[in-house]
Number of protein chains: 2
Amino acid sequence: MKTRIISALCMLPLLIVLYFGGIPLLIAAALIAMIGADEFTKGFQALGVRPSRKIVFLMGIILYGVHLLIGFQPMLLLGWIVLSVAVSLIYGWDIKNRGPYDALATLTTILYVILFPYHMVLIDNTDYPIMVWMVIIAAFAADIMAYFTGMAFGKHKMCPNLSPKKTVEGAVGGLLGSAIAAGIFGYFFMPEHLIESIAIGLFGGLVSMAGDLTASAFKRQMGIKDYGKLIPGHGGILDRFDSVIFVAPAIYYFIIFILP
Amino acid sequence: MKTRIISALCMLPLLIVLYFGGIPLLIAAALIAMIGADEFTKGFQALGVRPSRKIVFLMGIILYGVHLLIGFQPMLLLGWIVLSVAVSLIYGWDIKNRGPYDALATLTTILYVILFPYHMVLIDNTDYPIMVWMVIIAAFAADIMAYFTGMAFGKHKMCPNLSPKKTVEGAVGGLLGSAIAAGIFGYFFMPEHLIESIAIGLFGGLVSMAGDLTASAFKRQMGIKDYGKLIPGHGGILDRFDSVIFVAPAIYYFIIFILP
């Protein structure tokens, strides 16, 4: 409960950033990506796996830096992804000093923790920049509503191994909460897209839970409780933004492929 | 020696496919990707890591199938990449039955073994479909010339841990051979782009060696000698096409970003 209130308070500066969009949003996304990558690579070290932090940060600087200089170019982004794969694999050449998973962890960190949050910037570049709000609404409405519904009605464990406190009832409440919150937002700010807003709320709420479970699965495998201590007693950036990171690309491709 | 002659003979059907381009080329690229993914995932099993073969093959069918149906769409390819990341990570949820690296190996197989060869199809879709030949010329000219130059003049070991037979002299010979072969090809088939052809030969030759070393590094880490036995006594698809897989994206982005 206290965690949730404090984490909500942490979101206040983010809301200001969302309001402005543009470069402030790019800086916020880059910070989430870079601090997240710092936490994620340290998490791997707990397993004895050492992804290349230099490569991860360098690819992050290139991604957000190139966007700042020349904007979004799909072909450049594809080239950046292929370069990330190649550089990560080349990092694995030094078989004498590196384990078999160092290259794989480097690549996964780049694509999951660096590339996913970049989609907040991409949403800001579509014809629907206002949809950036939907990322936050879906991620946090689902989390908060799942918590309260689970507390009140939770009976059936959803995934006891991965996240023992989560219940099926809570998940249903989270999905409904996210759909309702997105619907209210759509009613006021995008009345011509009300149905799509509710659909995005449902879809975003579902993906939000997937983001949460993904971050939990890695934490369990790494044997750590939290990714960091950025917010004292309340974990790191990845603990707070695990859902946001997953929801951003989901909503971006929803806008690109489904929204009229 | 014998290996090289036989492997050259194996290339004959590929040359016919290159001549036709289009759907035959797409089928050849898809076969390299799928058989390569079969070999690569089996290689991981030697380490006790079990990437999801179902997810890898499914994403492969989607990639090549969608191209067959609607052609190349950069935004669709970006969406496919993000979906590959998400699905691979979700595969890692089942922490009770899966190791910490199963998701990472799934993602790496998709991006390295499925996505890289797809760039042969992409080259075929540019304004320079003839450049598909350059992939084969750079990959095999570098390999053959490095072999002979190394035999004749090789003294200084290049990377004793990774590939003990390779010498610096052989590598220089391979680069020169690739540049000369690409230059001859350019002289006859793209005389207006002779300088660029030689540059592609040099660049492609360098990347060809990177592809070779990458495949070797994984084999050493996996503790296997060959990826497969498709060609009896001469290894699997990944042993023969390790260079081609790396050179294809390099030449594609060279065409897109550098060629006038």
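Everything below is about the structure shown above.
What counts and how
- Residues numbered from 1 in each chain as written.
- Chains lettered and ligands numbered in written order.
- Predicted model: local features only at pLDDT ≥ 70, side-chain atom pairs only at ≥ 80, totals over all residues.
- Heavy atoms only, no water.
- Helix = DSSP H or I, 4+ residues; strand = E, 2+ residues; numbered from the N terminus.
- Rg over C-alpha atoms; globule rule 2.2 N^0.38 Å.
- Buried < 20%, exposed > 50% of the residue type's maximum accessible area, 1.4 Å probe, protein only.
- Contact = heavy atoms within 4.5 Å.
- Areas by Shrake-Rupley, 256 points an atom, 1.4 Å probe, with all protein chains shown as cover.
- Lys, Arg positive; Asp, Glu negative; His and termini not counted.
- Charge placed at Lys NZ, Arg CZ, Asp CG, Glu CD.
- Core = buried A, V, L, I, M, F, W, Y, C linked by side-chain atoms within 4.5 Å.
- Least-squares fit on C-alpha atoms with pLDDT ≥ 70 in both.
- Axes fitted to C-alpha atoms, helices over the stretch in contact; angles between N-to-C directions.
- Parallel < 35°, antiparallel > 145°, perpendicular 65-115°, else oblique.
- Nonpolar A, V, L, I, M, F, W, Y, C, P; charged D, E, K, R; others polar.
- Expected span 1.5 Å × (residues − 1).
- Salt bridge = Lys/Arg side-chain N within 4 Å of Asp/Glu carboxyl O.
- Polar contact = N/O pair within 3.5 Å; in protein donor to acceptor, adjacent residues only side chain to side chain.
- Patch = residues over 30% accessible without salt bridge, like charges linked within 9 Å, V, L, I, M, F, W, Y side chains within 5 Å.
- Phe/Tyr/Trp six-rings, centres within 6.5 Å; stacked < 30°, edge-to-face > 60°.

A. Region of interest: the overall build of chain A. The number of helices and strands found in chain A is nine helices and zero strands. Written out in order from the N terminus, the α and β elements of chain A read α-α-α-α-α-α-α-α-α. On C-alpha atoms alone, chain A measures out to a radius of gyration of 18 Å, which is about the 18 Å that the 2.2 N^0.38 rule sets for 260 residues. Once the C-alpha set of chain A is aligned to its principal axes, its extents read approximately 55 × 45 × 30 Å. Here chain A holds 260 residues, and the buried ones make up 58% of them. Relative to all contacts within chain A whose residues are 6 or more apart in sequence, the contacts with residues 24 or more apart total 72%. Here chain A displays about 11,000 Å² of accessible surface, and carbon together with sulfur accounts for 70% of that area. When the 17 positive and 14 negative side-chain charges of chain A are each reduced to one mean point, those points stand 13 Å apart.

B. Expanded view of the environment of Tyr 101 of chain B. The topology assignment puts Tyr 101 of chain B in the loop between helix H4 (74-91) and helix H5 (102-124). We classify Tyr 101 of chain B as buried; its relative accessible area is 13%. With 20 residues separating them in the primary sequence, Tyr 101 of chain B and Val 121 of chain B have C-alpha atoms 30 Å apart. With sequence-adjacent residues up to four places away left out, Tyr 101 of chain B is seen in contact with Leu 47, Val 49 and Tyr 101 of chain A together with Val 49 of chain B.

C. Region of the structure containing the nonpolar core. Counting 163 residues, the largest nonpolar core has Tyr 64, Trp 80, Tyr 112 and Met 131 of chain A together with Tyr 64, Tyr 112 and Met 131 of chain B as its most contacted members. At 16 residues, helix H5 (residues 102-124) of chain A tops the list of elements feeding residues into this core. Those residues in contact with Met 131 of chain B that sit more than four places away from it in its chain are Ile 123, Met 190, Ile 200, Ile 251, Ile 255 and Leu 259 of chain B.

D. Representation of the relation of the copies chain A and chain B. Overlaying chain A on chain B yields an RMSD of 0.0 Å, the required transformation being a rotation through 180° with an accompanying axial translation of 0.0 Å. What we have between these two chains is a two-fold relation. Of all interface residues in chain A, 100% are interface residues in chain B too; the two copies therefore contact each other through one and the same surface.

E. Structural detail: the packing of helix H2 (residues 22-45) of chain B against helix H3 (residues 53-70) of chain B. All names here are of chain B. As a packed pair, H2 and H3 sit with axes 10 Å apart at the nearest point and diverge in direction by 170°. With respect to each other, H2 and H3 are oriented roughly antiparallel. Contact residues: Ile 23, Leu 26, Ala 29, Ala 30, Ala 33, Met 34, Ala 37, Asp 38, Thr 41, Lys 42 and Gln 45 in H2; Arg 53, Val 56, Phe 57, Gly 60, Ile 61, Tyr 64, His 67 and Leu 68 in H3. Grouping the constituent residues of the contact of H2 with H3 by class yields twelve nonpolar, four polar and three charged.

F. Structural detail: helix H7 (residues 168-189) of chain A. All names here are of chain A. Spanning 22 residues, H7 covers 31 Å between terminal C-alpha atoms, matching the ideal 32 Å at 1.5 Å per step. Every buried residue of H7 is accounted for by Glu 169, Gly 170, Ala 171, Gly 173, Gly 174, Gly 177, Ser 178, Ala 179, Ala 182, Gly 183, Phe 185 and Gly 186. Along its buried surface, H7 packs onto helix H6 (132-153) and helix H8 (194-222).

G. Highlighting the interface of chain A and chain B. Between chain A and chain B, the contact holds 47 residues from the first and 47 residues from the second. The interface formed by chain A and chain B contains zero salt bridges. At the junction of chain A with chain B, the criterion picks out four residue pairs in polar contact (both at pLDDT 80 or more). Put simply, the parts of the chain that give the side of chain A that touches chain B at least two residues each are helix H4 (74-91), H5, H8 and helix H9 (237-257) of chain A. Residues belonging to the side of chain A that touches chain B are distributed by class as follows: 36 nonpolar, eight polar and three charged.

H. Geometry of a nonpolar patch on the surface. Residue and element names in this part refer to chain A. Taken together, the side chains of Ile 23, Ile 27, Leu 31, Leu 58, Ile 62, Val 66, Leu 68, Leu 69 and Ile 70 present a nonpolar region at the surface, about 840 Å² in accessible area. Where the nonpolar patch is concerned, the elements lending two or more residues are helix H2 (22-45) and helix H3 (53-70). Top contributing element to the nonpolar patch by residue count: H3, with six residues.

I. Fine view of the packing of aromatic side chains. Counting across every chain of the model gives 35 aromatic pairs over all chains. Here Tyr 64 of chain A and Tyr 118 of chain A contribute two aromatic rings whose centre-to-centre distance is 5.6 Å and whose plane-to-plane angle is 90°, an arrangement assigned as edge-to-face. Highlighted residues: Tyr 64 of chain A in helix H3 and Tyr 118 of chain A in helix H5, separated in sequence by 54 residues. Look at Tyr 64 of chain A and you get buried, because its relative accessible area is 4%. Relative to Phe 218 of chain B, the ring of Phe 44 of chain B lies with its centre 6.2 Å away and its plane at 70°, an arrangement referred to as edge-to-face. Taken as a pair, Phe 44 of chain B in helix H2 and Phe 218 of chain B in helix H8 (residues 194-222) lie far apart in primary sequence, 174 residues in all. For the pair Phe 44 of chain B and Phe 218 of chain B, a shared accessibility class is recorded, and that class is buried.

J. Here's a closer look at the pattern of salt bridges. Residues and elements named next belong to chain A. All told, the structure shown has ten salt bridges over all chains when counted by the stated rule. Here Arg 53 makes a salt bridge to Asp 38, at a shortest N to O gap of 2.6 Å. Placement of the pair is Arg 53 in helix H3 and Asp 38 in helix H2, with a sequence separation of 15 residues. Judged by relative accessible area, which is 24%, Arg 53 ranks as partly exposed. Because the salt bridges share partners, they merge into one network encompassing Asp 38, Lys 42 and Arg 53.

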